[in-house]
Structures are given as C-alpha cells and as structure tokens.
Amino acid sequence: MAAVALKSCRKGLSYILRDGAVATFLPKALGGVRQKSSVQYATRPELPKLAYRRVKGKSPGVVFLPGYGSNMNGQKAEALEEFCRSLGHSYLRFDYTGHGLSEGVFTEGTIGTWKKDVLFVLDELTEGPQIMVGSSMGGWLMLLAAIARPEKTAALVGISTAADHIVTAFKSMSLEVRKEIEEKGVLTVPTKHSEEGTYTFTIGFLNEAENHCVLQSPIPITCPVRLIHGLKDDDVPWHISMQVAERVLSPDVDVILRRHGQHRMAEKDDIRLMVYTIDDLIDKLTTLV
C-alpha cells in the first residue's frame, strides 16, 4: 500500500523540487494546504528541556537527527515531515541539548549528551520501531542509538555520516600538531557552516567522543542500512560511509555516492534521493510485515 499511496506524492514532490521550493511541497493528501507541526517541549528530570515537532501516524515512524550545530528546521527535516504526513506515517524531529529551541548550553554538549537526547526521544516520544535518518553527526548518533535500542530501530539512513570523524581527524594529525592542540586545549576546524567560519572542539570534548567511536570493530546493527554521501563533501570524507558499510553486521546495506554531492546534501536532487530511499525502506518494511 505504501507504494500505491506514494505515486501521487512522488509526482508532487518532483514538481516542487524541480522548482527548487521544497518548503512549499503540497501533497494531494493535504488538499493543497500545507500543515506544519507545532513546537513542543519534553521535560526531563534535572536535564534541559528538548524542543521537538511531531506528526502522529502509522508505523514505521521516521525520526530525523540533525548535524552538529544544526537544528530541526533545515530543508531535509522539513521535507521529510511533508513526506511522512502525506503517507500517514509518524514523524519526529527535534533539537539536541544546546541546539535550536532546546534548553542547555551548546559548548557544554558532548557526543554522550546528544546520544542521551536521542535515546530519550526514542523511548518517550515514539511508538514502535523507527527509521532513523541521521545527517552528519546525526549519522554517528543514529548508529549509537541503533546499538543501544535495537528494538526501536527498523532501519537507518545516513546522510554524510560522520561516524568517529572528529576523533579520527585529530588522531591523524602529526604528534607535534596534536601536542600543540593539547596545550591550547582546543581544536579549531574551518567550516562553511557557521557564522564564525570555524568549529571549536575542546580536548575534553574529543576525549569524551572517543568513548563513542564505532569504527574500530564490527558494529552490531542488523537492520537495513542506507548510506548516502557526496563525493564533493569537504567536511566529512565519503570513505567514512564505506567504512560504516563494511563494519555493520546487517546483510542489507547499500551505499549511494553522489558525484556532485556536497556535505549538507540539501540540493533538490539530494533531497529527492533521500525521500525515495526512505520510501523504498517503508515499502520494504511494510511488505515484510
């Protein structure tokens, strides 16, 4: 039924994407009137509140995990909400601690902090197994969450997956450079994705992140895994997605490389590929049921 229901949705999505206006995606299921989920806040004892948007619907649901310093209002996150709503599947997007509308201090966050955020939303804000879609650092967190909550994981879709990346990048530097960074106490990485033009990681952040590295041994994930990466990604090398594919135990793993794809994978064709990939997984999972 998913494939039949999507036929009209795909035509609408393709039309809007050719126009380059993803935000105005108007599937027929909405009668031409766009609906948008409202912001809600999840309260946690002695922890910052998490902002989220949720669309209720059938299983499997989809959960979007944004990247480092990003939030739940990006193009990919919004396009996925429109898509899931049109199919009647549940959808959840949220901001990590210190990101977007959530409480907390961004610079105090760690991979462990944000992993706990993901596990909380899976446990408390979703029902049944989910298709997790992780962008960049969200792809790393997606893997960590799937290991910790296999019963809540139906499938994984990684977009420019950054598993272990900042730790690997630091360790690949010469001993002399690493000592200099350790003395300063911070690693500064140039980026096009922040107003300052750089990301700054403390040594404490790097040391904590090392506790969550997954690429040194087989990854105990057995659900379907799809990894999409751009060959022109200047932030996270595409071979990281290949390493993830080699290490996950699942027999159902596909890697899709986009020749002209960049890190954010937010061009209209990138988003169309992401949506079609998730559509295919939904059809596969519902057929299996």
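Rules and cut-offs
- Residues numbered from 1 in each chain as written.
- Predicted model: local features only at pLDDT ≥ 70, side-chain atom pairs only at ≥ 80, totals over all residues.
- Heavy atoms only, no water.
- UniProt positions renumbered as here; feature names shortened; annotations may be inferred.
- Salt bridge = Lys/Arg side-chain N within 4 Å of Asp/Glu carboxyl O.
- Helix = DSSP H or I, 4+ residues; strand = E, 2+ residues; numbered from the N terminus.
- Buried < 20%, exposed > 50% of the residue type's maximum accessible area, 1.4 Å probe, protein only.
- Pairing = 2+ DSSP bridges.

Per an unreviewed UniProt entry, the protein chain carries the name Palmitoyl-protein thioesterase ABHD10, mitochondrial and comes from Hucho hucho. Heading Sequence similarities (unreviewed entry) of the UniProt record for the protein chain holds this comment: "Belongs to the AB hydrolase superfamily." Here is the UniProt Subcellular location (unreviewed entry) comment for the protein chain, exactly as written: "Mitochondrion".

Caption draft 1: Layout of the pattern of salt bridges. Within the structure shown, the criterion is met by 14 salt bridges. Among the ionic pairs, D117 bridges to R44, the shortest N-O distance being 2.8 Å. Remark: R44 occurs in strand β1 (residues 39-44) and D117 occurs in helix α3 (residues 111-125); sequence separation between them is 73 residues. Like R44, D117 is buried. When the shortest N-O distance is used, the salt bridge between R272 and D269 registers 2.2 Å. Of the two residues, R272 and D269 are both situated in helix α9 (residues 268-288); the distance of three residues between them amounts to about one turn of the helix.

Caption draft 2: How the structure looks around the pairing of strand β8 (residues 198-202). Only one face of β8 is covered, namely the one carrying Y199 and F201; the face carrying T198, T200 and T202 has none of its residues buried. Relative to β8, strand β7 (residues 186-190) runs antiparallel, the two being bridged by five bridges. Paired with T188 across the bridge in β8 is T200.

Caption draft 3: Representation of unusual backbone geometry. The step from S59 to P60 runs through a cis peptide bond, and the omega angle for that step is 0 degrees. Relative to the helices and strands, P60 resides in strand β3 (residues 58-65). The phi dihedral of S160 falls on the positive side, at around 55 degrees, and the residue is not glycine. In this structure S160 comes out as buried when scored by relative accessible area, which is 0%. Although it is not a glycine, D164 sits at a positive phi angle of roughly 65 degrees. Here D164 lies in the loop between β6 (153-159) and α5 (165-171).

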